[in-house]
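A closer look at the structure
In case you want the letters, here they are:
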Amino acid sequence: MNGASRIVAVLGPTNTGKTHYAIERMLGHRTGVIGLPLRLLAREVYDKIVAIRGPSVVALVTGEERIVPPRTQYWVCTVEAMPEGMGTDFVAIDEIQLCADPERGHVFTDRLLRMRGTHETLFLGADTMRGPIAALVPQAQFARRERMSQLVYTGSKKISRMPPRSAIVGFSVENVYAIAELLRRQKGGAAVVMGALSPRTRNAQVALYQNGEVDYLVATDAIGMGLNLDVNHVAFSSLSKFDGRRMRPLAPNELAQIAGRAGRGMSDGTFGVTGEASPLDEGVAQAIMDSRFTPMKKLNWRNAALRFGSVDALIDSLEASPDTEHLVKARPADDLNALKSLAQVPEVAARASDGPSIRLLWDVCRIPDFRGISHAEHASLLESIFGHLHERGTIPEDFLARQIRRIDRTDGDIDALSKRLAYIRTWTYVAQRNGWVRDESHWRAETRAVEDRVSDALHERLTQRFVDRRTSVLLRRLKQKEALLAEVNDKGEVTVEGEFVGRLEGFRFIPDKSAQGTEAKALKSASLQALGPQFHLRADRFYNAPDTEIDFTDQGGLMWGEYAVGKLVAGAEPLKPMVEVFVDEAAGPEVVQKVQRRLQHFIDRKIAALFEPLLNLSRDEELTGLAKGFAFRMVEALGILPRAGVAQEVKDLDQDARGALRKHGIRFGQFTIFMPLLLKPAPTRLRLVLWALANGLQEFPEAPPPGLVTVPVAKGAPEGYDTMCGYRNAGERSIRIDMLERLADMLRAEDSRGGFEAKADMLSITGMTLEQFADLMQGLGYKAERGERTKIKPAQMTEQPPAATAEAPAETTEAEAQSDVAVATEAPAEATDSAEAEAEATAADPASDEPEVEVFYTFTWGRQANRGPRGDQRQGRGKPGGKPRDGRGKPQGKKGGKPQGAKTFSSRPPKKEKAIDPDNPFAAALMGLKDGN
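Remember, it's a predicted structure, so these values are computed and weren't measured experimentally. Along each chain, residue indices are assigned from 1 in the same order as the chain's sequence is written. Totals for whole chains, interfaces and linings use every residue, but because this is a predicted model, local features are given only for residues with pLDDT of at least 70 and side-chain atom pairs only at 80 or more, for both listing and counting. Based on all heavy atoms of the structure, the side-chain values leave hydrogens and waters out of the count.

Turning our eyes to something else, we now look at helix α27 (residues 737-747). The rule is simple: take the accessible area with a 1.4 Å probe, protein chains only, and divide by the maximum for that residue type; under 20% is buried, over 50% is exposed, in between is partly exposed. Comment: elements are numbered from the N terminus, with helices defined as DSSP H or I runs of at least four residues and strands as E runs of at least two. With eight of eleven residues buried, α27 lies mostly within the body of the structure. By the burial criterion, the buried members of α27 are Ile737, Asp738, Met739, Leu740, Glu741, Leu743, Ala744 and Leu747.

See the structure below:
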């Protein structure tokens, strides 16, 4: 120790500029060395000095990194790696209060007692070290430095309400990762800083925070060791930590060391707690704010005067007790534990038989346990390294290459990469030791390159997992009140500032589904703000789009291409629906109005085109009286009215009124009053939508497939659905109303009382089998009596005399044959196969005389109520439940004669009969009836 050396203890709380002061003092000397507590901090200080003096005169020496230029003047080191016996002009030890640390304290105490600069020595740390330093280094002077900004306790806050530029501190890897994941979802992401990270990974993570890509930092207590970050608030997620042996609460001075990272320079800072951490005691919080802590009394110490005569002697010297009250023997460190374990291995004990070999063994035992797997595995690795060094003098290159090759991979998740980083740090440390490998420069470069690759991969994985770049970018731009640039491609994919944020479907923004919770809200808020111009451009394009690009759905939706842009809602009248648009509120009222106008124009034009006959009917001013009222009923019913429901109104219409209505295309059928043009598929589809709207249906029924004469009855359909589809329910199937009227024309000529069979034309227009037709007729109010008879073959028909009886006319048989042909395509496959098989059998055995049986139905008008949904509908020229009529439509008596009933007399002259309307489709039949009378 040089008595002329100036020794100064610069003490005070965090943010007092102590480290900066030490750098200035060192650069004022020709040579100097500064010891720092962390490899990360050493790298930070090294970069600062290199920026001032250049790399040619600055060395960086840590356990895993060694940069030593030939003309080195200034050494930046971790405390454990500080070179001894250099005789530099200046020496500084930072964070000197770590002398009390249970794991590393003995190293700092050794530097406090034995490291001196020839001209100046500085001890930098907390004011709690004043007593021990004064006792152990009597010649030391003291300089008190005050904090440059205030530190204020703000209590407990949820992570979701954490202010920007905050650092949240956790004391385990699991805790750090959990907090970072939560911040990613709620705040767009966080940078992660841990002591186990390589400087490269740590610097990359810190850069995310420092340049504003993320506003939050999640760290271990490593940030308390002098790392300079722009932190405004520090929050503790826990108030206890595992110190290597047990969980213990942090002392107030330890909390202050970390909390003091908030507020750099002249900016004030705050600190508090979050998560499961309980609020700080008022006294503890005040002590941290005032930097008043219990002074330290005991420092950890381990004997530096080691004896290498034997392994046992070395262990005894390491376990020696101090001889002063201010020092306490340090607990066994990892290196001492490793030495004790290896001393029990016979092969190691045999090799460590002299001073040099024991020194070598001790150097090997001092390799840090970066992997942290288990004490036994670490000892096994050290045993292998010691064996190679003792036997060969160096570690074999093939052995070292295998170890490095196994680690040199960048695949895997964060945990896998973190383990590889820990493993490569071991070999980086080995490569840095002088003489342990043959080609030191090669292996140092090789291990450094692998560490860099793994570090970069780890940084990438950390960023992928804990940083949502798009959310962080958008939030940062919003905070800075900058205009955001949004782009929408032809697929509707939206990017804001180059980041995919979701899709624009019509005029609604759909955020990316991977975003959830607070993240999704922030993403949508920023995206909608950026999409403002896009909404206006899209609205202009939509307004000028042709009607062919717009359509309506069966559920009343309004589509622009593949995107829903609105829906129809009920208006004052069925033919005047209104429009409700699907436009994000952020698009603005102008866009909403433009989209609404365009959709209203579309649906109005669509109704005008498809319901032109009906609209012309409603606008015909020449219609008066009952005709005008009936026209209103037709418009209200969207062009289709069941005749039974308006029987009286139809009866009241005179021929002039009917003629005026027929000019508009109205057909007065026996079952339905309708406009044939409105039965086409397009009007039918729109009519169903308008009808569902007018009736307030929650689910709109769909139209039947176009082109079918009959369809199965829709079970559970709302009342009136069949009519709006242009069909009438009859039995198990519904028949199209225009075909039903054609069938009714055929049925007029039949004897509905005496009974008749189905003609081929009847089956043909309905497209049904005979059994299906029978069910249809029963649905229309007829009785269907099933029978069987011998089928008359064509050969038998030709043998019959020309005077065929009325009971079996030839034309009937021919009609039935045509009927079989007409319905063959609709018959079940089994029946067809059976018929074919029978035909083949008959052909194979022409001599077979077994008669062929056929099924037939006889239809008569039923007196019971109709099985369909309405029992008062007319059938043929009779009414269900009324008197039967003969084949000409005349009422029959009990025996088929004149109708029975009392005669009536009147003194009034007979009423003049109405002239028969020549346009009436039943005019010929009516004239026949009149002539018959």
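That shown, we press on.
Any two side chains of opposite charge can pair, so long as their charged atoms come close to each other. The salt bridge definition used is simple: a Lys or Arg side-chain nitrogen within 4 Å of an Asp or Glu carboxyl oxygen. For the coordinates displayed, the defined rule picks out 49 salt bridges. Two residues, Arg425 and Glu64, come together in a salt bridge whose shortest N-O distance is 2.3 Å. Of this pair, Arg425 sits in helix α15 (residues 414-432) while Glu64 sits in the loop between β3 (58-61) and β4 (66-67), and the two are 361 residues apart along the sequence. Across this residue pair, the class does not change: Arg425 and Glu64 are buried. Here Glu181 makes a salt bridge to Arg465, at a shortest N to O gap of 4.0 Å. Here Arg465 lies in helix α16 (residues 440-466) and Glu181 lies in helix α5 (residues 173-187), a separation of 284 residues in the sequence. Exposure remark for Arg465: the relative accessible area of 37% places this residue in the partly exposed category.

To get an axis, fit a line to the C-alpha atoms, keeping to the stretch in contact for a helix; angles then go from 0 to 180 degrees between the N-to-C directions. Packing of helix α21 (residues 612-619) against helix α22 (residues 625-636) leaves a shortest axis separation of 9 Å and a crossing angle of 145 degrees. Handedness of the crossing formed by α21 with α22: left-handed. Where α21 approaches α22, its residues Leu614, Leu617 and Ser618 are matched on the opposing element by Ala631, Met634 and Val635. Under the grouping applied here, Gly and all other residues not named as nonpolar or charged are polar, the nonpolar ones being Ala, Val, Leu, Ile, Met, Phe, Trp, Tyr, Cys and Pro and the charged ones Asp, Glu, Lys and Arg. The residue inventory of the contact of α21 with α22, partitioned by class, reads five nonpolar, one polar and no charged. Left-handed describes a crossing in which the near helix is turned anticlockwise from the far one by less than a right angle; the clockwise case is right-handed. For this analysis, residues touch if any pair of their heavy atoms sits within 4.5 Å.

Here Arg658 is to be found in helix α24 (residues 655-662). For Arg658, a relative accessible area of 12% gives the class buried. Polar contacts involving the side chain of Arg658 include one to the main-chain carbonyl oxygen of Val650, which spans 2.8 Å. If sequence neighbours within four positions are ignored, Arg658 has contacts with Arg643, Val650, Lys651, Leu653 and Phe668. Distance and chemistry together define a polar contact, namely a pair of N or O atoms within 3.5 Å, with one atom able to donate a hydrogen and the other to accept it when in protein, and with adjacent residues in sequence counting only for side-chain atoms on both sides.

With that out of the way, let us pick up helix α2 (residues 39-53). For an α-helix the count is 3.6 residues per turn, leaving residues at separations of three or four pointing the same way. A rise of 1.5 Å per residue sets the reference length of α2, with its 15 residues, at 21 Å; its end C-alpha atoms lie 21 Å apart and thus fit the reference within 8%. Burial in α2 covers these residues: Arg39, Leu40, Leu41, Ala42, Arg43, Glu44, Val45, Tyr46, Ile49 and Val50. Just downstream of α2, Gly54 is the residue with a positive phi angle, here 90 degrees. To estimate how far a helix should extend, the number of its residues minus one is multiplied by 1.5 Å.

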